[in-house]
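Structural characterization, general
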Amino acid sequence: MTSTPFGRMITAMVTPMKPDGAIDYDGVAALAAYLVDHGHDGLVVNGTTGESATTTDEENVQTVKAVVDAVGDRARITAGVGTNDTAHSVHAAKAMAAAGAHNVLIVTPYYNKPTQAGIVEHFRAVCGATGLPAMAYDIPGRTATALASDTIRRLAEIDEVQAVKDAKGDLFAATQLMAETGLLWFSGDDVNNLPWLAVGAVGLVSVVGHVAGDDYAQLIAAVDQGDLRTAREIHTRLIPAVDAVMNTSQGAIMAKAALAELGVIDSDAVRLPLLPATPEHRDILRAGLTAAGVK
């Protein structure tokens, strides 16, 4: 499987925590190794699924260091540096580069609803802080501001911006932009992984990949080989797992519950305002993983 600067089978990694909410850095390293042992050639650290909204700058640095030390020679490590404060993101990007990250993930600034021109300048400033390859994260459901097509065209003119993680879901607009810009496209929405790959995305930034990395690596390979039948079979088999992880509660909550269920992490602790999965949700999760053949 030909790789990219970011990898192709990537999971937006949860941040393992102890029951008291402190980050379990040994667990971070162990989880990173587990994922790379199971189909991954890239990881996103300190992203939304990593609970970046409630982790500190220092914790983020230590988490990246733990992941780089564990698997940095076997996978591409992309560190989330997105905030709604450009100066903060510039500081974070420098810190992540110093910690050994290979790339940065920059989300559209949230809450303050910048103009499209302001978004471009935000990306330009953050990219200029390190020169590392950057992936733009387009997720208007969380940020309230989508990346307009013309904005993505402008971002493509910034040397460091090499990829888009798309959780917006406009497949046709994305195919136009792929053809025009040469940007690497990644599915940022597990329910649409196969459609994205089918129209030209090079890879996935997944949540369900925590428990289905090998399967998704096989899905990518099947699409590469033009084997749509196998790709559909994998997609269909994983439907119960995708539904259980992505549609039962919240992604980080359910991914941690799944990893704890499989014995990969010691605790499914999350930080408020998130709460651990309820017993009812665990039952749904267990049934979904079983139906999908995830063990």
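Fair warning: this is a prediction, and the values are worked out from it, not measured in the lab.

A few points about the layout of surface pockets
In this structure, the largest pocket occupies an estimated 690 Å³ of space. It is helix α3 (residues 86–98) that provides the largest number of residues to the lining of the largest pocket, a total of five residues. Within the lining of the largest pocket, the residues separate by chemical class into 14 nonpolar, 14 polar and five charged. Along the wall of the second largest pocket there are 19 residues; nearest its centre are Tyr-137, Arg-142, Gly-188, Val-207 and Met-246. For the lining of the second largest pocket, the residue count by class is eight nonpolar, seven polar and four charged.

Quick word on the side chain of Thr-4
Among the secondary structure elements, Thr-4 is positioned in the segment before β1 (9–12). Side-chain polar atoms of Thr-4 contact the backbone oxygen of Gly-7, separated by 2.6 Å. Setting aside its immediate chain neighbours within four residues, Thr-4 contacts Arg-76, Leu-184, Phe-186 and Val-202.

Observations regarding the sheet that holds strand β4 (residues 103–107)
The strands making up a sheet are joined through hydrogen bonds of the backbone, oriented either antiparallel or parallel. Spatially, the eight strands close up into a barrel ordered β1-β2-β3-β4-β5-β6-β7-β8, and their pairing is parallel. Each adjacent strand pair in this sheet contributes to an overall mean axis angle of 25 degrees, direction not counted. Direction of pairing for β4 relative to strand β5 (residues 134–138): parallel, over a ladder of four bridges. Residue pairing in the sheet places Leu-105 in a bridge with Met-135 of β5. In the packing of helix α9 (residues 209–224) onto the sheet, the strands contacted are β1 and β8 (203–206), and the crossing angle to β1 comes to about 155 degrees.

What to know about the UniProt feature "active site" (unreviewed entry) in the protein
Mapped onto this numbering, the UniProt entry annotates "active site" (unreviewed entry) at Tyr-137 and Lys-165. A maximum C-alpha distance of 4.7 Å among these annotated residues, which run over 29 residues, shows that they cluster at one spot. Within the annotated group, the residues that form the lining of the largest pocket are Tyr-137. Tracing the chain through its elements places Tyr-137 in strand β5. Look at Tyr-137 and you get buried, because its relative accessible area is 6%. In this structure Tyr-137 touches Thr-48, Leu-105, Ile-106, Val-107, Thr-108, Lys-165 and Ala-167, once residues within four positions along its chain are discounted. Tracing the backbone shows Lys-165 in strand β6 (residues 161–166). Given the relative accessible area of 6%, Lys-165 is considered buried. Residues contacting Lys-165, with those up to four places away along its chain left out, are Ala-12, Leu-105, Met-135, Ala-136, Tyr-137, Asp-138, Phe-186, Gly-188 and Val-205.

A closer look at α3
Two residues of an α-helix separated by three or four positions point the same way, owing to the 3.6 residues in each turn. Over its 13 residues, α3 runs 18 Å from end to end, which matches the ideal 18 Å to within 8%, given 1.5 Å per residue. When α3 is considered as a whole, its buried residues turn out to be Ser-89, Val-90, Ala-92, Ala-93, Ala-95 and Met-96. Along its buried surface, α3 packs onto α2 (57–71), β3 (76–80) and α4 (116–128). In this structure Asp-85 caps α3, since a side-chain oxygen of it lies 3.1 Å from the backbone nitrogen of Ala-87. Positive backbone phi, approximately 110 degrees, marks Gly-100, located one or two places after α3.

Each value, and the rule that gives it
- Residues numbered from 1 in each chain as written.
- Predicted model: local features only at pLDDT ≥ 70, side-chain atom pairs only at ≥ 80, totals over all residues.
- Heavy atoms only, no water.
- 1 Å grid on protein atoms, 1.4 Å probe; cavity = no way out; pocket = protein on both sides within 12 Å on 5 of 7 lines; lining within 4 Å.
- Points joined across faces, edges and corners; volume = space filled by probe spheres on them.
- Helix = DSSP H or I, 4+ residues; strand = E, 2+ residues; numbered from the N terminus.
- Nonpolar A, V, L, I, M, F, W, Y, C, P; charged D, E, K, R; others polar.
- Polar contact = N/O pair within 3.5 Å; in protein donor to acceptor, adjacent residues only side chain to side chain.
- Contact = heavy atoms within 4.5 Å.
- Pairing = 2+ DSSP bridges.
- Axes fitted to C-alpha atoms, helices over the stretch in contact; angles between N-to-C directions.
- UniProt positions renumbered as here; feature names shortened; annotations may be inferred.
- Buried < 20%, exposed > 50% of the residue type's maximum accessible area, 1.4 Å probe, protein only.
- Expected span 1.5 Å × (residues − 1).

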